[in-house]
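Observations on chain architecture
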Amino acid sequence: MKILRYPHPALRYKCKPIQRINQELRDITAEMFETMYASEGVGLAANQVGLPLQMFVVNATGDKEKKEEEYVFINPVILKKNGNATDNEGCLSFPEIHADVVRSETIDVEAVSLTGEVHRFQWNGRPARIVQHEFDHLLGIGFTDRLSAAASAAVSESLDVLQSVFDSERRVGAVPDDETIFRELKVWEQKFC
Ligand code: ZN
């Protein structure tokens, strides 16, 4: 799996609810964890690897030996948010960019697991931040959309660099045109949604 980078259109895509949980989906999540660990991440959303599905994986420790810390969130819903906290964030789709983001301190989340059961979690602190960050991805929202004006200005040059890298990859055909990308997203949707 390849982690897509800003401004790839899949990152702006509103992911669709998953209707079919099968072995292929379980294999996909295993591969998402592998991809996440290989990039030293703590969370990865499906559209970051070109899958338009409401699903993300989290291991807040980032330690692949700690399987008990692995969570798969399918069709997540944030039921309740409490408090505010500011902390630094980064994102595998925005390499080298870090900025402070205000998030809720505590969240209640409901999500379906890979066995199809509905689970309810209350998370707080850093793990709650990761879940909110990944949840945003499924809505097509990147963490740089949530910055203060000052923080936004501070990262704008880095975003321009990512934009020009993307543009040149497209010129040499390393990234397909929008039409092809959306056609491929639809194929995945038809398979799982
Ligand atoms: Zn991210």
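Scroll up a little and you will see the structure.
Let me sum up the structure you'll find in this document. Every residue gets a number counted from 1 within its own chain, in the order that chain's sequence is written. Totals for whole chains, interfaces and linings use all residues, but because this is a predicted model, local features are given only for residues with pLDDT of at least 70 and pairs of side-chain atoms are given and counted only at 80 or more. For side-chain calculations, the full set of non-hydrogen atoms in the structure is used, while hydrogens and water are omitted.

Bringing the coordination of the zinc ion into the picture now. Coordination here is defined by N, O and S atoms within 2.8 Å of the metal (3.2 Å for Na, K and Ca), and since water is not considered, a site can look incomplete. For the zinc ion, the full set of protein donor atoms is Cys91 (SG), His133 (NE2) and His137 (NE2), and the range of their distances to it is 2.0 to 2.2 Å. Read in sequence order, the donor residues for the zinc ion give the motif C-x41-H-x3-H. Note that His133 and His137 are positioned in helix 2 (residues 126-138) at a spacing of four residues, about one turn of the helix. Like His137, His133 is buried. Put simply, DSSP H or I for four residues or longer makes a helix, DSSP E for two residues or longer makes a strand, and each gets a number counted from the N terminus. Only protein chains enter the calculation, and the probe is 1.4 Å; a residue is then buried if its accessible area is under 20% of its type maximum, exposed if over 50%, and partly exposed in between.

Right, let's get into the side chain of Glu134. Here Glu134 is to be found in helix 2. Nearest to the buried, unbridged Glu134 among oppositely charged side chains is Arg103, at 8.2 Å. Note on definitions: a residue-residue contact is assigned when non-hydrogen atoms from the two residues lie within 4.5 Å. Non-local contacts of Glu134, meaning those with residues more than four positions away in its chain, are made with Gly43, Leu44, Ala45, Gln48, Phe56 and Val58. Charge convention: Lys and Arg are scored as positive, Asp and Glu as negative, and His as well as the terminal groups of each chain are ignored. In the sections that follow, a salt bridge refers to a side-chain nitrogen of Lys or Arg positioned within 4 Å of a carboxyl oxygen of Asp or Glu.

We now examine the environment of His98. Positionally, His98 belongs in the loop between strand 4 (85-89) and strand 5 (99-103). Residue classification places His98 among the exposed positions, given a relative accessible area of 54%. In this structure, His98 is in contact with Asn88, Glu89, Gly90 and Val155, ignoring residues within four places of it in sequence.

What follows concerns helix 3 (residues 149-171). Take the number of residues in a helix, subtract one, and multiply by 1.5 Å to get its expected span. For helix 3, which comprises 23 residues, the first-to-last C-alpha distance of 32 Å matches the rise-based estimate of 33 Å (1.5 Å per residue) to within 8%. The angle between axes fitted to the seven residues ending at a residue and the seven residues starting there is what we call the bend at that residue. Of all bends in helix 3, the biggest is about 40°, found at Ser156. Looking only at helix 3, the buried set comprises Ala151, Val155, Leu159, Leu162 and Phe166. Tucked inside the fold, the buried residues of helix 3 contact strand 5.

Before going further, it helps to spend a moment on the sheet that holds strand 7 (residues 118-124). For sheets, the rule is that strands pair by backbone hydrogen bonds, running either parallel or antiparallel. Strands pair, by our definition, only if DSSP identifies at least two bridges between them. Taken in spatial order, the five strands of this open sheet run 1-2-3-6-7, and their pairing is antiparallel. Here the strands that pair on one side only, and so sit at the sheet edges, are strand 1 (43-45) and strand 7. The average undirected angle you get between the axes of adjacent strands in this sheet is 40°. The pairing of strand 1 with strand 2 (residues 55-58) spans three bridges and is antiparallel. In the strand pairing of strand 2, Gly43 is matched with Val58. Angles shown run from 0 to 180 degrees and are taken between the N-to-C directions of axes, each axis being a line fitted to C-alpha atoms and, for helices, limited to the stretch in contact. On top of the sheet, helix 1 (residues 23-38) reaches strand 1, strand 2 and strand 3 (71-82); it is set at about 45° to strand 2, its chief contact.

To continue, consider the pattern of salt bridges. Summed over all chains, the structure comprises 13 salt bridges. Between Lys67 and Glu70 there is a salt bridge, with the nearest N and O atoms lying 3.5 Å from each other. Connected through shared salt-bridge partners, Glu89, Arg103, Arg129, Asp136 and Arg146 make up one network.

With respect to the helices and strands, Ser156 occurs in helix 3. Sequence-wise, Ser156 and Ile97 are 59 residues apart; in three dimensions their C-alpha atoms are separated by 9.8 Å.

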